[in-house]
Amino acid sequence: MAIVENWLPPSRENWELICKIWQWFPVITAAQWLLDWYPQGKTSIISRINIPGKIGWATMESVGFISLIYIMYTLPGELRIKELPWGNWTMAGCFVIHYVYRAVISPLFLNPSMSPIHPLVWILAFCFQLCNAISLGGWLAGYGPTTNSDWAGRYWAMEIGLVIWAWGLLGNMFHDDDLREIRRAAARKQKKEAEKLGKPAGSVDKVYMVPKNGLFQYVLFAHYLCEWVEWGGFWLIGGWNCVPARAFLVNEITTMLPRALQGKRWYEKKFGKDKVGNRKAVIPGLV
Ligand SMILES: NC(=O)c1ccc[n+]([C@@H]2O[C@H](COP(=O)([O-])OP(=O)(O)OC[C@H]3O[C@@H](n4cnc5c(N)ncnc54)[C@H](OP(=O)(O)O)[C@@H]3O)[C@@H](O)[C@H]2O)c1
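All values reported here derive from a predicted model rather than from experimental measurement. (Residues numbered from 1 in each chain as written. Predicted model: local features only at pLDDT ≥ 70, side-chain atom pairs only at ≥ 80, totals over all residues.)

**Some points on the overall build of the protein chain**
Assigned secondary structure in the protein chain consists of 10 helices and 0 strands. The secondary structure elements of the protein chain, listed N-terminal to C-terminal, are α-α-α-α-α-α-α-α-α-α. Taken over the C-alpha trace, the protein chain has a radius of gyration of 21 Å; the compact-globule value for 287 residues is 19 Å, and the two agree within 12%. Dimensions of the protein chain along its principal axes, counting C-alpha atoms only, are 70 × 40 × 40 Å. Taking all 287 residues of the protein chain together, the buried fraction comes to 33%. Looking at the protein chain alone, contacts between residues at least 24 apart form 85% of all its contacts between residues at least 6 apart. (Helix = DSSP H or I, 4+ residues; strand = E, 2+ residues; numbered from the N terminus. Rg over C-alpha atoms; globule rule 2.2 N^0.38 Å. Buried ≥ 20, exposed ≤ 12 C-beta atoms within 10 Å, placed from the backbone. Contact = placed C-beta atoms within 7 Å.)

**Focus on helix α1 (residues 12-22)**
Listing the buried residues of α1 in full gives Trp-15, Ile-18, Cys-19 and Trp-22. Along the long axis of α1, the arc covered by the buried residues comes to 100°, so they all point the same way. Of the residues in α1, the exposed ones pointing more than 90 degrees away from the buried face are Glu-13, Lys-20 and Ile-21. Considering only its buried residues, α1 is in contact with α2 (25-34), α5 (119-143) and α9 (243-271). (Arc of directions from axis to C-beta.)

**Some details on the UniProt feature "domain: 3-oxo-5-alpha-steroid 4-dehydrogenase C-terminal" (unreviewed entry) in the protein chain**
UniProt records the feature "domain: 3-oxo-5-alpha-steroid 4-dehydrogenase C-terminal" (unreviewed entry) for residues 121-286 in the present numbering. Secondary structure over residues 121-286 splits into 72% helix and 0% strand, and the C-alpha atoms at its two ends are 28 Å apart. (UniProt positions renumbered as here; feature names shortened; annotations may be inferred.)

**Focus: the site of the ligand**
Taken together, 24 residues are adjacent to the ligand, and Gly-41, Ser-115, Leu-179, Ile-182 and Glu-227 come closest. At the level of elements, α7 (155-197), α8 (222-238) and α9 are the ones that each hand at least two residues to the shell around the ligand. (Near = placed C-beta within 6 Å.)

**Details of the nonpolar core**
Counting 40 residues, the largest nonpolar core has Leu-68, Met-91, Phe-95, Leu-136, Leu-140 and Phe-234 as the members making the most contacts within it. Among residues more than four places away in sequence, those in contact with Phe-95 are Phe-65, Leu-68 and Leu-136. One finds Val-219, Met-256, Leu-257 and Ala-260 within the second-largest nonpolar core, a separate group that totals 14 residues. (Core = buried A, V, L, I, M, F, W, Y, C linked by C-beta atoms within 7 Å.)

**Brief notes about unusual backbone geometry**
The peptide bond linking Leu-8 to Pro-9 adopts the cis configuration, its omega dihedral lying at 0°. By the element assignment, Pro-9 lies in the segment before α1. Notably, Lys-206 is not glycine yet its phi reads approximately 65°, a positive angle. Along the chain, Lys-206 turns up in the loop between α7 and α8. By the C-beta count within 10 Å, which is 11 here, Lys-206 ends up exposed.

As structure tokens, then:
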């Protein structure tokens, strides 16, 4: 059963259209180079229409993996494909594992606190997730490789890609957790002081410090860098001609790079250039 006829799951015509439009997404992100206004995270604003951070992240990011799973289970039937090859399921699995961590485990169970999100950022992220899921899902569920022989001869590249993807994911998780530890430590400290004074402990919302462990020694957005490595590996699994995996990586980089540069300016303003030192924004030694 289709949720939206010819769109979810997509007809071939509509899938090709989404894939074409999706490759132009970097043009939209050009606005991020010109504007410093980004009402989320460190640069969140106070607004009556803000969405609470944890709920915002969980809802805007979940739409991607849920739509991808839905397309994987509905499109093959419509196209009379009996069984998708294991290479397709491997890539779908990589995507789902990442987003279960990003959209469910991270905001709802691990992050001590998250700044509120403006609805505009939420809507853009929601659209990003939906376009990406249709683009990747269409390729994986019937408009890309449909037999094991379509993957034949590329097993070495798939294995290397899978290893790169896994290291990227682990690096992303490690650096995410280093940021969490800053707030967990602040919460422990506040709890101790509150117990001494017999008062309730305060919140750790908006507690920031300059992270220092792992690749944070070299770049302020090490978690972004690791995520790019992860989706670089994912593209390698799909192969050079996997346009949706390439578009996903390019679109992530074009939206996260200006955000990281803005974040570096934010760190320098808040903590001073001395404290930030030689660290780059996201690529060691470069930017
Ligand atoms: N932003 C994007 O465009 C984007 C796109 C694709 C994937 N992602 C991935 O999603 C994850 C989160 O992205 P993000 O842009 O929200 O990252 P972020 O701004 O670095 O924030 C991540 C989390 O750590 C907290 N935090 C950040 N810097 C901190 C510091 N110096 N001290 C203490 N806590 C700190 C944040 O709290 P606050 O919310 O209170 O600031 C938030 O809970 C990353 O792993 C990234 O790779 C992001």
